Amino acid sequence: VATGPPNQHFIRDIGLAYIGSGLILLYATANPIRRWRAAIVGGLWLALHGALHIYEVAEGICGPATFWADAPAVIGQPTLVIAALAILGARGRIARGI
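Residues numbered from 1 in each chain as written. Predicted model: local features only at pLDDT ≥ 70, side-chain atom pairs only at ≥ 80, totals over all residues. Heavy atoms only, no water.

### Quick look at the packing of helix H1 (residues 8-29) against helix H2 (residues 36-58)
(1) Moving on: Viewed as axis vectors pointing N to C, H1 and H2 meet at an angle of 150°, and their least axial separation amounts to 7 Å. Our classification of the angle between H1 and H2 gives roughly antiparallel. Handedness of the H1/H2 crossing: left-handed. Here Ile-14, Ala-17, Tyr-18, Ser-21, Ile-24, Leu-25, Tyr-27 and Ala-28 of H1 lie close against H2, whose contacting residues are Ala-38, Ala-39, Val-41, Gly-42, Gly-43, Trp-45, Leu-46 and His-49. (Axes fitted to C-alpha atoms, helices over the stretch in contact; angles between N-to-C directions. Helix = DSSP H or I, 4+ residues; strand = E, 2+ residues; numbered from the N terminus. Parallel < 35°, antiparallel > 145°, perpendicular 65-115°, else oblique. Left-handed = near helix turned anticlockwise from the far one by under 90°. Contact = heavy atoms within 4.5 Å.)

This is the structure in structure tokens:
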């Protein structure tokens, strides 16, 4: 109700963005040390989408209840990608120049 009626085209667009991001992240998991750039690209959509949700709460477009209901899927996913890349980087496990 807070975000308006369902829009089938928008739902399909977002679904395809998630599928594309997921496929890129799946590709990166095969060899994250060498494919860390793919993980960044795959996580980029997730991070930007999460940032949009934070912005909407900060501006009062959506209420905190909507944010907390969406947070595990919207904020949790990019946080996991960022954490995994940070761990690889901290351990010196990111291949350079590839």
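Picking up after the structure, the text goes on.
### As for the environment of Phe-67
(1) Moving on: Within the fold, Phe-67 resides in helix H3 (residues 64-74).
(2) Moving on: Each C-alpha atom of the pair Phe-67 and Ala-86 lies 25 Å from the other, and the pair is 19 residues apart in sequence.
(3) Moving on: With residues near it in sequence (within four places) discarded, Phe-67 still touches His-53, Ile-54, Val-57 and Ile-75.

### Examining the side chain of His-49
(1) Moving on: Along the polypeptide, His-49 turns up in helix H2.
(2) Moving on: Setting aside residues no more than four positions away along its own chain, His-49 makes contact with Tyr-18 and Val-74.

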